[in-house]
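Commentary on secondary and tertiary structure
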Amino acid sequence: MLRTYDAATVRAAEEPLLAAGEPLMARAARALANAIIWELRRRSIRVSGTRIAIFAGAGNNGGDALYAGAYLARRGAAVVAALPLPAYHRAGAQALERAGGTLIREASVAQAVEVARRSAVWVDGLLGIGARGPAREPLASWLAALESERLVSPVEPLVVAVDTPSGIGVDDGALPGPYLSAHLTVTMGAAKAGLVLDPARRAAGRIEVVELGFAPHLGEASVLRLGDSDVADLWRVPGAEDHKYTRGVVGIVAGSVQYPGAGLLTTTAALAAGPGMVRYLGESEVAELVITAHPEVVAAPGRIQALAVGSGDPPGAPALLHAALKDGSPVVVDAGALPTIADMEARAGARFGEHVVLTPHAGEAALLAAQLDLRDGDGTPFSRAVIESCPVAAARALAAQLGATVVLKGSVDVVASPSGPCYAQGGAPGWRAVAGAGDVLAGLIGAMLAQHAVVAEHAVVAEPTEVTGRTELTEPADGAGAPTAIDAPGATACLAPGAAARIAAAALHVHARAAALAAGTPFAAPARSALGEPAPAPGRPISAAQIAARIPEVIGQILGGA
């Protein structure tokens, strides 16, 4: 698991170490230099004679960069440091000069670009974690010019960011102005949240965390990223004493005559995750399609431990959702069922509980936010563009307003809950962006929730209705219509606090790995290569059905079975 923190938490953890006289900058600089040496060696490039550009601002990141430059200069590298400001780290600059490096004080943008153009390695130490908002001049012009030069370089240089790439939103992953993209970010003491959140994540490259002794002093993490081992720890592997009902039963209400494939994709993904049973509770026409493809699916009423509803705009989704919410079972709410959530909140001020997992993409999240009149910290409505510029802010706002777990889908999927840290799960190839991928995700999350939920005393029951001929969830006999508030006593018995968000994050990791496997690309492949290094395999087009088909194989790999 990668734990990331906001800037204030990192600064607080640093203070007792600085007060104790710990040589943090010396350790950070040595680690930075070693990371650069390793990057050169794995490309069979000698340190001696390699041209290295240091771009150093006035803060500690600039000091780290200058001291690292001194280490590299003593190894024979040709190091030139361009300093944009009258203020800079004097001791670091002196160390670099003593080691044989060159300093250009109060360099112009043109001088910085000329230094960059002649260098194989760029070290970005211009801004640190104290920066807020867009970079100011002259650094804004430096960042814009250097990024432009990087993009047009015949052989892309190796760009190494110190702590965070300059220009990114350290806490929220926004890109409020010019920035410099890195191939490697060497982050000091603890990873910063902006390194794993879109859109700044695209500028961070690979992340290496330098251990500086912060761990005992760090508070709660801001954003987490699960890996294979975390998912393996979370997975419920059935034992000899298990039977289909103890392995979880998930109900699927998905698909319609207009979008029948959604019902099939959602059900296929739920089956692939390995619950004890999948019940299809949607349209009878779609049920025939599902049963033909998967005869093991049960299209009959009965007990379930979780429900996935809304993919493919199933008729009657609002009524079915009301019934499930009254019961308190874990529910995944996707696509066509999302407006019902906003309507219930708007009419009755309902709060839904962490066991209700909403799965909007940015467009659907914008519609939800508009229905709820949600705005960001500056009072700006959460339009699609605003959401895509800072997804984590929108996910947190929706989760806080609704009391639900929110999975905001994107190239990096963000999971937010009313309390506790967020999750940011990336690594999927761009090929994953296809119709039906969200349906697969809804079924996968639903099945995983069912496997983790204990059997509640009051299960949602499905019965055929005489009016429609469809199988619909019935509401409890003592209530009719939409509730004015939602109390889910069964949910707390089924899932521990924070469990739904963690399960959703694990499902996202599996989903991304399955997409990479289907596309034939490495999981979490780097977006850019440097110094002539071969680019990762581009992969191949895939369909949502192919993602679902790879889920069992990915689970086997994660659990060590392949």
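These numbers were taken from a predicted model, which means no experiment stands behind them. Just so you know, the residues in each chain are numbered from 1, in the order the chain's sequence is written. The model is predicted, so local features are restricted to residues of pLDDT at least 70 and side-chain atom pairs to those at 80 or more, both for listing and for counting; the totals for chains, interfaces and linings are taken over all residues. To obtain the side-chain values, all non-hydrogen atoms of the structure were included, while hydrogens and water were left out.

Next up on the list: the layout of surface pockets. Roughly 580 Å³ of internal volume is contained in the second largest pocket. Along the wall of the second largest pocket there are 35 residues; nearest its centre are Arg 11, Asn 60, Asn 61, Gly 128 and Ile 129. The numbering of helices and of strands both runs from the N terminus, where a helix is a DSSP run of H or I of at least 4 residues and a strand a run of E of at least 2. Elements with a contribution of two residues or more to the lining of the second largest pocket: α1 (7–19), α2 (24–41) and α3 (60–74). Its residues assigned to classes, the lining of the second largest pocket comprises 18 nonpolar, ten polar and seven charged. Whether a set of points on the 1 Å grid over the protein atoms alone is a cavity depends on a 1.4 Å probe fitting there but being unable to get out, while an open set qualifies as a pocket with protein on both sides within 12 Å along at least five of seven lines; lining residues are those with an atom within 4 Å of a point. Grid points are joined across faces, edges and corners, and a volume is the space filled by probe spheres set on the points. Residue polarity follows a fixed list, in which Ala, Val, Leu, Ile, Met, Phe, Trp, Tyr, Cys and Pro are nonpolar, Asp, Glu, Lys and Arg are charged, and the others, Gly among them, are polar.

Right, let's get into the pairing of strand β5 (residues 121–125). Walk down a regular strand and you will see the side chains alternate between the two sheet faces. Each residue is placed in one exposure class: buried if its accessible area under a 1.4 Å probe, protein chains only, is under 20% of its type's maximum, exposed if it is over 50%, and partly exposed if it falls in between. Most of β5 is tucked away: five of the five residues are buried. Burial along β5 is two-sided: the residues Val 121, Val 123 and Gly 125 and Trp 122 and Asp 124 are all buried. For two strands to pair, DSSP has to find at least two bridges joining them. Inspection of the sheet shows strand β2 (residues 51–56) paired to β5 by five bridges, in the parallel sense. Bridge pairing links Ala 53 to Trp 122 in β5. Clockwise travel from the first strand over the helix to the second, with the strands pointing away from the viewer, marks a crossover as right-handed. Where the polypeptide runs from β5 across helix α6 (residues 139–152) and back to strand β6 (residues 158–162), its parallel neighbour, the crossover connection is right-handed.

So, on to the pairing of β6. When you tally the buried positions in β6, you get five out of five residues, the bulk of the element. Of the two faces of β6, the one carrying Leu 158, Val 160 and Val 162 and the one carrying Val 159 and Ala 161 are both buried. Both β6 and strand β7 (residues 184–188) contribute to a ladder of three bridges, which runs parallel. For Ala 161, the partnering residue across the bridge sits in β7 and is Thr 185.

Helix span, expected: 1.5 Å multiplied by one less than the number of residues in the helix. For α1, built from 13 residues, the straight-helix expectation of 18 Å at 1.5 Å per residue is met to within 8% by its first-to-last C-alpha distance of 18 Å. Among all positions of α1, only Ala 7, Thr 9, Val 10, Ala 13 and Leu 17 are buried. Looking at the buried positions of α1, the neighbouring elements they touch are β1 (2–5), α2 and β8 (191–192). In the segment just after α1, Gly 21 is the residue with positive phi, at about 80°. Every residue pair with non-hydrogen atoms within 4.5 Å of one another is taken to be in contact.

Take the packing of aromatic side chains next. Pairing of aromatic rings covers Phe, Tyr and the six-membered ring of Trp, with a centre-to-centre limit of 6.5 Å; geometry is then stacked below 30 degrees between planes, edge-to-face above 60, and tilted otherwise. All told, the structure shown has two aromatic pairs when counted by the stated rule. Summarising the aromatic geometry, the rings of Phe 55 and Trp 122 are spaced 6.2 Å apart at their centres and angled 90° between planes, so their arrangement reads as edge-to-face. Of this pair, Phe 55 sits in strand β2 while Trp 122 sits in strand β5, placing them 67 residues apart in sequence. Of the two residues, Phe 55 and Trp 122, neither departs from the other in class, the shared state being buried. When the centroid spacing of 6.3 Å and the interplanar angle of 85° are considered together, the rings of Phe 55 and Trp 142 count as edge-to-face. Residue Phe 55 is found in strand β2, and its partner Trp 142 is found in helix α6; the two are separated by 87 residues along the sequence. Trp 142 matches Phe 55 in its accessibility class, with the two residues each being buried. Cluster of aromatic residues (ring-pair linked, three or more members): Phe 55, Trp 122 and Trp 142. Counting as a charge over the ring demands two things of the Lys NZ or Arg CZ atom: a distance within 6 Å of the ring centre and an angle within 35 degrees of the ring normal. The ring of Tyr 88 carries Arg 90 above its face, with NZ or CZ at 4.0 Å from the centroid.

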